[in-house]
Amino acid sequence: MTQNFDLNIRNIAIIAHVDHGKTTLVDAMFKQSGLFRENQEVDERIMDSMDLERERGITISAKNCSVQRGNTKINILDTPGHADFGGEVERALSMVDGAVLLVDASEGPLPQTRFVLKKTLDAGLKVIVVINKIDRADARPDEVLDEIYDLFIDLDASDEQLDFPYLYAVGRDGIAMNSLEETGKNLDPLFDLILKEIPKPEYPENQPFQMLVSDLGYSDYLGRLAIGRVFNQKITSKDQFICINSKNENVSFKISKLQSYNGMTLNEAKEIEPGDIAVISGSDCFRIGDTICFSSKPKALPRINVDEPTVSMRFTINDSPFAGLEGKLVQSRKIYERLEKETLINVAIKIERTDERDSFIVKGRGEFQLAILIETMRREGFEICVGRPEVIYRFENGKRLEPCEHVYIDCDENFTGVVTEKITIRKGKLVNLVNNGKGRVNMEFLLPSRSLIGYRDEFLTDTRGTGILNSLFAGYEEYKGDFPTRFTGSIVSDRRGSAVPYALYNLEPRGRLFIEPGTPVYEGMIIGEHNKEGDINVNACKEKKLTNMRASGKDESTICSPVKKMTLEHALNFIREDEMVEVTPQNIRLRKAVLSAQLRQQMRNKKFKEENL
């Protein structure tokens, strides 16, 4: 038997594909709920609090907030739309009773829409569909609604879940409508639908207090903060508590401060009713998935389950000649502590020590998730070296299995041939192709996850920047064999010094350069991409030989071609197995794992002899 508390609380998650308008809709909900005073200046995308989120225009971590609608408190969780951050979605869904699914009125359901919706349906949550951006010139809301129904059916939604309520909206303008014929004025239809359709919290009678730690925060004054939903009974700061960890150990603690969300801020609370989101401080033992309960009645909740990592990357200390010149955190102990801290707040990331003292293996959902971690660390002052992303294989019944992806491509029909050719080389299989007759083609491929490492940049080049590529994890299949990852070699510096215009100008015919004149270089540093397959060692510091002779045009100034700066994602996609990316707060450099040219040659000779024995 369950009891339905007379509480005016609703807990919802906002879920969608990347850039379908989640955070913008939350902004509008904030403004129309009276959270801000009239004429108050408010930034756009308030919930994207991280610098990286604002720069890239995406949500990276799930965040809690609340709005007040009449006498009802609505707790909102803004979730990421990228599958690489799926751990954030799974964590957020453990705190809610329903979800608002946003779908772009033009693009329709995309791969990440499928991903987040599947997690929601598996959790048995109530779903409200909002078809957003209906003011777009290419909007097709009726067709998109049919596609959403198809998606629900394809994901084996129950009859109750299939009978979902839906609205039309323009999140940027803060407008929601029950039908396309209406003229929207505000978000009242959305608020009303949330209050009507999303159920109140319900719990079994006579059960002890429990709280599942679904998120962690940190305060300079209070230390670690445990964030989670209160189950069964109300909580006060005067009670005696224990934290049940992953080893089923009971750790006693006393609450130093009890808080709840009011908008985006935290307010101190004397007590928090069941169903509300609580923020507790008082211990450094909290981990995501732990259960907090009364010491007199210990009872653990099921821990949060997340999908296993599919990609790994090696992190090491920076051992280049420039180590320690640009960053303040260079020790392996500091790097390991920072990575361990990340595993506490991100359930989808795992870290393992290796046989090498200063090297660690970090596992995650995708190379983009790990790239965000690396970028965050470099901004915090770390210097590290990272290797090429590698997929994580499974071994079952003596067979090697590898993760595979469903890849959805939208491109101009003129590029169909080159895209199909490149993906076929990478062991991909075309499973669907639709030509809409308007010059664009939609293609669906099934291919190994390792095929996408390094291909996204190549895809944009092949489609002149007009192609759209989305991927979705499709499970594990038997290993499909080797394929070439890069058909070009590297141009490698053979000495330390500063790059000279004369030397770089004469190296330009050899390939595409990554550095400008005056850039400091060292032996083993990669300064460009060779036109041919093998690597070449070059002297980028070679100056022009001076003579007494004068001739017409002989001493004209050397002008080097412009260089495109290498970003972190491009660098990770470019490197091969024997190469690394040196990341510092000021620079991103490419380098060989073994810097000495002589030692690399000896290793190649040894490998050649072994292969020909």
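Residues numbered from 1 in each chain as written. Predicted model: local features only at pLDDT ≥ 70, side-chain atom pairs only at ≥ 80, totals over all residues. Heavy atoms only, no water.

1. Re the packing of aromatic side chains
To keep things clear, this is the line we draw: Pairing of aromatic side chains here covers Phe, Tyr and the six-membered ring of Trp, requires ring centres within 6.5 Å, and sorts the geometry by plane angle: under 30 degrees stacked, over 60 edge-to-face, intermediate tilted. Whether a residue is buried, partly exposed or exposed follows from its accessible area with a 1.4 Å probe, protein chains only, as a fraction of its type maximum: under 20%, in between, or over 50%, in that order. Runs of H or I in DSSP of at least four residues are treated as helices and runs of E of at least two as strands, each being numbered from the N terminus.
Tallied over the full model, the rule gives 15 aromatic pairs. Geometrically, the ring pair formed by Tyr 166 and Tyr 168 is edge-to-face, given 6.0 Å between the ring centres and 80° between the ring planes. When its relative accessible area of 5% is taken as the criterion, Tyr 168 is described as buried. Considering the side-chain rings of Phe 514 and Phe 574, the 5.2 Å spacing of their centres and the 90° angle between planes classify their relative orientation as edge-to-face. Note that Phe 514 is positioned in the loop between strand E32 (511-513) and strand E33 (520-521) and Phe 574 in helix H13 (residues 568-574), a separation of 60 residues in sequence. Residue Phe 514 is classed as buried on the basis of its relative accessible area, which comes to 10%.

2. Digging into the environment of Arg 172
For clarity, the threshold we go by: Here, residues are in contact when the closest pair of their heavy atoms is within 4.5 Å. Polar contact is the term for a pair of N or O atoms within 3.5 Å; when the atoms are in protein, one must be able to donate a hydrogen and the other to accept it, and sequence-neighboring residues count only if both atoms are side-chain atoms.
Note on placement: Arg 172 falls in the loop between strand E7 (166-170) and strand E8 (175-177). In this structure, the C-alpha to C-alpha distance between Arg 172 and Tyr 393, residues 221 residues apart in sequence, is 43 Å. In this structure Arg 172 touches Thr 24 and Asp 135, once residues within four positions along its chain are discounted. A distance of 2.7 Å separates polar atoms of two side chains, one belonging to Arg 172 and the other to Asp 135.

3. Examining the sheet that holds strand E16 (residues 265-268)
The strands making up a sheet associate through backbone hydrogen bonding, with each pair oriented either parallel or antiparallel. The line we're drawing: Criterion used throughout: strands pair if DSSP finds at least two bridges between them. In this analysis an axis means a line fitted to C-alpha atoms, helices contributing only their contacting stretch, and an angle means the value between N-to-C directions, from 0 to 180 degrees.
The strand order across the open sheet formed by eight strands is E14-E13-E19-E10-E11-E18-E15-E16, and the pairing between neighbours is antiparallel. Only two strands of the sheet have a single partner each, and these edge strands are strand E14 (250-253) and E16. Between one strand and the next, the sheet's axes are offset by a mean angle of 40°, whatever the strand orientation. Pairing between strand E15 (residues 257-262) and strand E18 (residues 277-281): four bridges, direction antiparallel. Across the sheet, residue Leu 258 finds its bridge partner in E18, namely Ile 280.

4. Comments concerning helix H8 (residues 332-345)
The following threshold applies: Given a helix with a known number of residues, its expected span is that number minus one, times 1.5 Å.
An ideal rise of 1.5 Å per residue puts 20 Å on 14 residues; H8 measures up with 21 Å between its terminal C-alpha atoms. Considered for burial, the residues of H8 that qualify are Ser 332, Ile 335, Tyr 336, Arg 338, Leu 339, Glu 342 and Leu 344.

5. Digging into the side chain of Glu 405
Within the secondary structure, Glu 405 is located in strand E26 (residues 399-412). Polar contacts involving the side chain of Glu 405 include one to the side chain of Ser 449, which spans 3.0 Å. Within the local environment of Glu 405, its side chain forms a polar contact with the backbone nitrogen of Phe 473, the two atoms lying 3.4 Å apart. The residues contacting Glu 405, other than those within four sequence positions of it, are Phe 445, Leu 446, Leu 447, Ser 449, Leu 452, Ser 471, Leu 472, Phe 473 and Ala 474.

6. A closer look at the pairing of E18
Along E18, five of the five residues are buried, which leaves the element largely enclosed by surrounding structure. Neither face of E18 is exposed, since Ile 277, Val 279 and Ser 281 on one face and Ala 278 and Ile 280 on the opposite face are all buried.

7. Points about the packing of helix H4 (residues 111-122) against helix H5 (residues 141-154)
Going by this rule: When describing relative orientation, an angle under 35 degrees is termed roughly parallel and one over 145 degrees roughly antiparallel, while 65 to 115 degrees is termed roughly perpendicular and anything else oblique. Two helices cross in a left-handed way if the nearer one is turned anticlockwise from the farther one by less than a right angle. They cross in a right-handed way if the turn is clockwise.
Here H4 crosses H5 at 50°, and the two axes come no closer than 10 Å. Regarding the angle of H4 to H5, the classification is oblique. Taken as a pair, H4 and H5 cross one another with a handedness that is right-handed. Every residue of H5 that contacts H4 at Thr 113, Arg 114, Leu 117 and Leu 121 is listed here: Leu 151, Phe 152 and Asp 154.

8. Here's the deal with the packing of helix H1 (residues 22-32) against helix H7 (residues 188-197)
Here is the rule: Amino acid classes used here: Ala, Val, Leu, Ile, Met, Phe, Trp, Tyr, Cys and Pro are nonpolar; Asp, Glu, Lys and Arg are charged; the rest, including Gly, are polar.
Packing of H1 against H7 brings their axes to within 11 Å, and their N-to-C directions diverge by 90°. As judged from the angle between their axes, H1 and H7 are roughly perpendicular. From H1, Leu 25, Met 29 and Gln 32 reach across to H7, where they touch Leu 190, Phe 191 and Ile 194. Residue composition of the contact of H1 with H7, by class: five nonpolar, one polar and no charged.

9. What about the nonpolar core?
The following threshold applies: In this description, a nonpolar core means a group of buried Ala, Val, Leu, Ile, Met, Phe, Trp, Tyr and Cys residues linked to one another through side-chain atoms lying within 4.5 Å.
Counting residues in each nonpolar core, the largest one holds 39 residues, and the members touching the most others are Leu 101, Leu 117, Val 129, Ile 131, Ile 148 and Phe 152. Broken down by element, this core gets its largest block of residues, five residues, from H5. The contacts of Leu 117, once residues within four sequence positions are left out, are Ile 15, Leu 101, Val 127, Leu 151, Phe 152 and Leu 155. If you look at the next biggest cluster of nonpolar residues, it comprises 31 residues, including Tyr 336, Ile 351, Ile 374 and Ile 384.

Any functional reading would require information beyond the geometric quantities listed.
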